[in-house]
Amino acid sequence: MIVTTTASVEGHQIQNYIRIVAGETVVGINMFKDIGAGFRNLVGGRSSAYEGEIIQAREQALGEMVQRAIELGANGVVGVKIDYESIGPQGGMMMVTASGTAVSLA
């Protein structure tokens, strides 16, 4: 499965645009990660706990999008976009959405 942010795939011709596909995931950050991130915010530096959650959420959303494309008979997804949004009470949860167009590539 070829997945790309571009509208085309070099060396391949798009035979058929099937439909838009998307994958979503919502993650919450637990209290201990919040405490660690708050400390990092005071002293500076990166929050590896949050980064790990974001990476995992992005991969889950992409995986779900690809699975939906496969179910439609696609062998590629073009024009992929990934969005991040804080949701829930006081923004305590994060939603990650991956979307693109499922295609048949030659």
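What comes next is a walk through the structure. What you see is a predicted model; the values in this text were computed from it and never measured. Within each chain, residue numbers correspond to sequence positions counted from 1 in written order. Predicted model: local features are reported for residues with pLDDT of at least 70 only, side-chain atom pairs are reported and counted for 80 or more only, and whole-chain, interface and lining totals are derived from all residues. Note that the side-chain values use all heavy atoms of the structure and ignore hydrogens as well as water.

### A look at the pairing of strand E3 (residues 76-87)
What counts is decided by this rule: In this description, strands pair whenever DSSP reports at least two bridges between them. In DSSP terms, a helix is any run of H or I states spanning at least four residues, a strand is any run of E spanning at least two, and both are numbered starting from the N terminus.
The pairing of strand E1 (residues 2-3) with E3 spans two bridges and is classified as parallel. Note on E3: the bridge partner recorded for Val-3 is Val-77. Here E3 runs beside strand E4 (residues 93-105); their pairing, made up of ten bridges, is antiparallel. Following the sheet pairing, Ile-82 is matched in E4 by Ala-98. What sits between E3 and E4 in their antiparallel hairpin is a turn of five residues, with Gly-88 showing a positive phi close to 85 degrees.

### Quick word on the pattern of salt bridges
Stated formally: Any Lys or Arg side-chain nitrogen found within 4 Å of a carboxyl oxygen on Asp or Glu counts as a salt bridge.
The final tally for this structure, using the stated rule, is four salt bridges. One salt bridge connects Arg-58 with Glu-59, and the closest N-O pair in it is separated by 3.7 Å. A salt bridge links Lys-81 to Asp-83; the shortest N-O distance between them is 3.7 Å.

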